[in-house]
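Here are the chains, one letter per residue:
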Amino acid sequence: MKIDVLTLFPEMFTPLNDSILGKAQEKNLLEINVINIRDFSADKHKKCDDYPFGGGAGMVMMAQPICAAFDSIQKSDDTLCIYMSPKGKKLNQNLVKELSSRNHLVLLCGHYEGVDQRALDLCVDMEVSIGDYVLTGGEIPAMALIDAVSRYVPEVLGSAESAQDESFSENLLEYPQYTRPQNFRGKEVPEVLVSGNHGKIDQWRREQKIIVTMQNRPDLLEKD
Ligand code: ADE
């Protein structure tokens, strides 16, 4: 999968070069290109923002550098251009799966008071939000989307980390996990996990998923 990111702050994306996503890029399973919108400004001072028409606080990102950056990207029928925005469709595991079926995503990260609407009308297919709160820019949301989507790219996760047995599969959250030592600060690992009885362990884990979901996210149990 190829992901192009358009941003005024390319240095924010260095965490994607570590850990699982770093390895996925080394193995060419994933190609992430971070593109600096400022490089496409036609202004002699490389200006990318200006005051809002109609007045009001803050600055607005200009359409010209954004559209020129989009134009520089080679697209196909399978390319989806997304603007990261608190006004967008809320990201959940189903949308993550849907996006992972594309082989090319382009993510636009906004800053300041927003982006000139004409850039969105001309260049963007959909807007995506990572939750009902406002961040200072779209970079962290873009990284969250890239991380979540990459887990579905074949071979990015090893079998040990496989995307099968995890939170949100079947609309249930993950069961609690334990590792050695068996007693830590007086707290014992649940007896069943050291029983060696795999039928009982599976049953305990299924029950725990329901208990954790009822405690933390009862809304997930109400859905279809
Ligand atoms: N930019 C600022 N806040 C955001 C959010 N919650 N989701 C996506 N992009 C954003």
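Figured I'd write up the structure that's included with this text.

The rules behind these values
Residues numbered from 1 in each chain as written. Predicted model: local features only at pLDDT ≥ 70, side-chain atom pairs only at ≥ 80, totals over all residues. Heavy atoms only, no water. Helix = DSSP H or I, 4+ residues; strand = E, 2+ residues; numbered from the N terminus. Rg over C-alpha atoms; globule rule 2.2 N^0.38 Å. Buried < 20%, exposed > 50% of the residue type's maximum accessible area, 1.4 Å probe, protein only. Contact = heavy atoms within 4.5 Å. Areas by Shrake-Rupley, 256 points an atom, 1.4 Å probe, with all protein chains shown as cover. Arc of directions from axis to C-beta. Pairing = 2+ DSSP bridges. Axes fitted to C-alpha atoms, helices over the stretch in contact; angles between N-to-C directions. Polar contact = N/O pair within 3.5 Å; in protein donor to acceptor, adjacent residues only side chain to side chain.

### Digging into the overall build of the protein chain
Working step 1: Secondary structure summary: the protein chain contains seven helices and nine strands in total.
Working step 2: For the protein chain, the C-alpha radius of gyration of 22 Å lies well beyond 17 Å, the compact-globule estimate for 224 residues.
Working step 3: For the protein chain, the proportion of its 224 residues judged to be buried stands at 42%.
Working step 4: Expressed as a percentage of contacts within the protein chain between residues at least 6 apart in sequence, the contacts between residues at least 24 apart total 75%.
Working step 5: Only carbon and sulfur atoms are counted for the fraction: they give 50% of the accessible area of the protein chain, which is about 13,600 Å².

### Remarks on helix H1 (residues 19–26)
Working step 1: Looking only at H1, the buried set comprises Leu21, Gly22, Ala24 and Gln25. One face of H1 carries all of its buried residues, which in axial projection span an arc of 160°. Structural note: H1 exposes Ser19, Lys23 and Glu26 on the side pointing more than 90 degrees away from its buried face.
Working step 2: Of the surrounding secondary structure, the elements contacted by the buried residues of H1 are strand E2 (31–36) and helix H5 (139–150).
Working step 3: One or two steps after H1, the chain reaches Asn28, where phi turns positive at roughly 60°.

### What to know about the sheet that holds strand E6 (residues 104–109)
Working step 1: An order of E2-E1-E6-E5-E7 is seen for the five strands of this open sheet, with the pairing classed as parallel. The sheet terminates laterally at E2 and strand E7 (126–129), the two strands that pair on one side only. Sheet twist, expressed as the mean angle between neighbouring strand axes with direction ignored, is 30°.
Working step 2: Inspection of the sheet shows strand E5 (residues 79–90) paired to E7 by five bridges, in the parallel sense. Each residue of the ladder has a partner; that of Lys90, found in E7, is Ser129.
Working step 3: Of the strands in this sheet, E5, E6 and E7 touch helix H3 (residues 93–100), which is tilted by about 165° from E5.

### A word on the side chain of Asn36
Working step 1: By the secondary structure assignment, Asn36 is in strand E2.
Working step 2: At 3.0 Å, the side chain of Asn36 forms a polar contact with the backbone nitrogen of Arg38.

### Focus: H3
Working step 1: Restricting attention to buried positions, one finds in H3 the residues Gln93, Leu95, Val96, Leu99 and Ser100. Taken around the axis of H3, the buried residues stretch over an arc of 160°, which confines them to a single face.
Working step 2: Summarising the contacts, the buried residues of H3 are in contact with E5, E6, E7 and H5.
Working step 3: You can read the cap of H3 off the contacts: a side-chain oxygen lies 3.1 Å from the backbone nitrogen of Asn94, and it is on Asn92.

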